[in-house]
Amino acid sequence: MLKAEGEIPGMQENESGNIQDLEKWKEKTAKAENQKAKLLLAKLTADEERRKWELELKRLKDVEDKLAKERKLDWENYQKNLSIINEQKNELRREIQFLKDKITAKKAKCEELAQRFRLKRFIPETKVKFTHLEKVKNEEMHTNICCFFDVSTNISFKLNKGEALITFEEENVTQELLQKSHHVVNLENAKTAVRVRPVELESGLSFWLNVKISRKKINVSDIPNLPIPDEWVKDKLELNFCKTKPGGGDVQDVLYDRQSQMAIITFVQPGVANNIVKWAEYPFRASDEIYVVMVSPIVEKYLERFEMFSGISKRTLLLTDIQDKAEDEESMQDMIAIHFQKPSNGGGEVEYIRYVSKGTNVAYFEMDTESGI
């Protein structure tokens, strides 16, 4: 191959090498630029991720600060509520102590009154008897059946072993025997010393009990809870009890209470209530249904002349310190009675005697309107 004129040998080879180097550098530059772009993209991504985590960190810090504030506020409220509760607790303790002191004072006062008046028993039941009947001239003028009871308590007296109660017919016998407190009673084969004492009784109660039973009004209970207004229920009650066939009559007034399911019915004429209450259970028709309601009389009770009295036994004496030397209780009782019946011993006619040889008995005294207890 012929070389061109003026061409330097080797220069062509250098240019060819430079081109190759240039291509290599271009290739390296492109790779570097590509690597740089990737690094920039990674940096942008990292920056974005960093900003994201910074925002999340800020959010978490805000949440933590908020929770810290809430915890602080809750703790302050807890301390405040605890202080209020402790104050209320102390106040309740003071109030409880005050009530306890008040109850203690009341108990002490009650015990003082009980000791003073010696009210230590319940009022016993008292038998009553029918006295008379009066004819009513005008039925309409008497709207109530009135009852009156004069009640007085029996007074109890404890009789212990070796003691006896003896009652004489005359009061002067007890006074004479009390002048000589010690007596010697002759038994079959021995003698026994007996001490004579007055009977010291506790206080008793007496009162008048007045009872009025209405002849115009009745109580009605167990009234069904109907889904209608109260006024309609009152109308149905009036219609039901105005029927004369089951013993009803014209109704003057109806007082109805839904909550208690009760009513008070007032009739125009006296005596209608008596006819109704004798049934105890009464049919009540409402809403095509027949119910059973309870009927009862209206009773008013009140006390009058509630009084306390001091019991004094004028004809009864207490015999104590009796040494039982007889074979049986009845024989001992008879020998004591014989001794105190003799005028030479200062005694008199014995109305009643009761001797206790063992254990404890309770004797009862009642008010004697003629001569005392």
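Residues numbered from 1 in each chain as written. Predicted model: local features only at pLDDT ≥ 70, side-chain atom pairs only at ≥ 80, totals over all residues. Heavy atoms only, no water.

*Asks:* Help me out: how do you make sense of the overall build of the protein chain in this one?
*Replies:* The secondary structure content of the protein chain amounts to five helices and eleven strands. Out of the 373 residues in the protein chain, the part that is buried amounts to 26%. Partitioning the intrachain contacts of the protein chain with sequence separation of at least 6 by distance along the chain shows that 76% fall at a separation of at least 24. (Helix = DSSP H or I, 4+ residues; strand = E, 2+ residues; numbered from the N terminus. Buried < 20%, exposed > 50% of the residue type's maximum accessible area, 1.4 Å probe, protein only. Contact = heavy atoms within 4.5 Å.)

*Asks:* What's the story with the packing of aromatic side chains in this structure? I'm lost.
*Replies:* Remark: the centre distance and the inter-plane angle together describe each pair of aromatic rings, the angle taken between the planes. Scanning the model with the defined rule gives two aromatic pairs in all. Their ring planes at 15° and their centres at 4.8 Å tell us that Phe241 and Tyr282 sit as a pair that is stacked. Taken as a pair, Phe241 in helix α3 (residues 230-241) and Tyr282 in strand β8 (residues 281-286) lie far apart in primary sequence, 41 residues in all. For Phe241, a relative accessible area of 0% puts it in the buried group. Given a relative accessible area of 2%, Tyr282 falls into the buried group. Seen from the ring of Trp25, Lys28 lies directly overhead, with NZ or CZ sitting 5.0 Å from the centre. (Phe/Tyr/Trp six-rings, centres within 6.5 Å; stacked < 30°, edge-to-face > 60°. Lys NZ or Arg CZ within 6 Å of the ring centre and 35° of its normal.)

*Asks:* How should the side chain of His339 be read in this particular structure?
*Replies:* Relative to the helices and strands, His339 is located in helix α5 (residues 329-341). With sequence-adjacent residues up to four places away left out, His339 is seen in contact with His183, Val184, Val185 and Asn345.

*Asks:* I'm lost on unusual backbone geometry in this one. Help?
*Replies:* When glycine is set aside, most residues are seen to have a negative phi, and most peptide bonds are trans. You will see that Asp222, though not glycine, has its phi angle at about 60°, which is positive. Structurally, the position occupied by Asp222 is in the loop between β5 (191-221) and α3. Residue Asp222 is classed as partly exposed on the basis of its relative accessible area of 48%. Located in the positive-phi region is Gln261, a residue other than glycine, with phi close to 55°. As for its placement among the helices and strands, Gln261 is situated in the loop between β6 (251-257) and β7 (262-267). Assessed through its relative accessible area of 32%, Gln261 is described here as partly exposed.

*Asks:* What is the right way to read helix α2 (residues 171-178) from this model?
*Replies:* Helical geometry: 3.6 residues make up each α-helical turn, so side chains three or four residues apart lie on a common side. Buried within α2 are the following residues: Val173, Thr174 and Leu177. Burial along α2 is one-sided: seen end-on, the buried residues are contained in an arc of 100°. (Arc of directions from axis to C-beta.)

*Asks:* Where do I start with the pairing of strand β4 (residues 182-186) in this structure?
*Replies:* A regular strand places its side chains on the two faces of the sheet in alternate fashion. Where burial is concerned, the two faces of β4 differ: the one with His183 and Val185 is buried and the one with His182, Val184 and Asn186 is not. Sheet topology note: the β4/β5 ladder contains five bridges and is antiparallel. By the bridge assignment, His182 is partnered in β5 with Arg195. (Pairing = 2+ DSSP bridges.)

*Asks:* Is there a simple way to explain the environment of Glu163 in this structure?
*Replies:* One can find Glu163 in strand β3 (residues 163-168). We classify Glu163 as buried; its relative accessible area is 15%. Sequence separation of Glu163 and Asp324 is 161 residues, and the distance between their C-alpha atoms is 10.0 Å. Once you skip the residues sitting within four places of it in the chain, Glu163 turns out to touch Lys158, Leu318, Leu319, Thr320, Ile322, Arg354, Tyr355 and Val356. There is a polar contact of 3.0 Å between the side chain of Glu163 and the backbone nitrogen of Asn160. (Polar contact = N/O pair within 3.5 Å; in protein donor to acceptor, adjacent residues only side chain to side chain.)

*Asks:* Hey, could you run me through the nonpolar core in this one?
*Replies:* Nonpolar side chains in soluble globular proteins tend to end up buried together. Counting 22 residues, the largest nonpolar core has Ile218, Val220, Ile223, Leu237, Phe241 and Ile265 as the members making the most contacts within it. Looking at this core, the elements that each hand over two or more residues are β5, α3, β6, β7, α4 (272-277), β8 and β9 (289-320). With near-sequence residues (within four places) excluded, Ile218 lies in contact with Phe241, Ala263, Ile264, Ile265, Phe267, Ala273, Ile276, Val277, Val295, Ser296 and Ile298. (Core = buried A, V, L, I, M, F, W, Y, C linked by side-chain atoms within 4.5 Å.)

*Asks:* Would you explain the environment of Ile312 in this entry?
*Replies:* Counting through the fold element by element, Ile312 comes out in strand β9. Residue classification places Ile312 among the exposed positions, given a relative accessible area of 53%.

*Asks:* Where do I start with the pattern of salt bridges in this structure?
*Replies:* A side chain with one charge may pair with a side chain of the opposite charge, provided their charged atoms come close. A full pass over the atoms with the stated rule returns twelve salt bridges. Linking Arg50 and Glu54 is a salt bridge whose minimum nitrogen-to-oxygen distance equals 2.7 Å. In this pair, Arg50 and Glu54 are both assigned in helix α1 (residues 11-117), four residues apart and thus about one turn of the helix distant. By relative accessible area, Arg50 is classed as partly exposed at 42%. (Salt bridge = Lys/Arg side-chain N within 4 Å of Asp/Glu carboxyl O.)

*Asks:* Explanation requested: a negative patch on the surface in the structure shown.
*Replies:* Judged by side-chain charge, Glu169, Glu170, Glu171 and Glu349 come together as a negatively charged surface patch. By the element assignment, Glu171 lies in helix α2. (Patch = residues over 30% accessible without salt bridge, like charges linked within 9 Å, V, L, I, M, F, W, Y side chains within 5 Å. Areas by Shrake-Rupley, 256 points an atom, 1.4 Å probe, with all protein chains shown as cover. Lys, Arg positive; Asp, Glu negative; His and termini not counted. Charge placed at Lys NZ, Arg CZ, Asp CG, Glu CD.)

*Asks:* Before we go on, may I ask you to explain the confidence of the model for the protein chain in this structure?
*Replies:* Atomic detail in the predicted coordinates should be set aside for any region of low pLDDT. When pLDDT is averaged along the protein chain, the result is 79, and 84% of the positions lie at 70 or above. Per-element confidence in the protein chain ranges from a low mean pLDDT of 74 for strand β1 (residues 144-152) to a high of 88 for β7. Overall, residues 116-123 carries pLDDT values under 50, and its contacts beyond four positions in sequence, including any with other chains, amount to 17 contacts. (pLDDT = per-residue confidence, 0-100.)

*Asks:* What exactly am I supposed to notice about the side chain of Gln333 here?
*Replies:* Along the chain, Gln333 falls in helix α5. Setting aside its immediate chain neighbours within four residues, Gln333 contacts Ile353, Arg354 and Tyr355.

*Asks:* Which parts of the structure should I look at to understand a nonpolar patch on the surface?
*Replies:* Together, Trp75, Tyr78 and Leu82 line one region of the surface with nonpolar side chains, adding up to about 330 Å² of accessible area. Examined against the element boundaries, Tyr78 turns out to sit in helix α1. Judged by its relative accessible area of 45%, Tyr78 is partly exposed.

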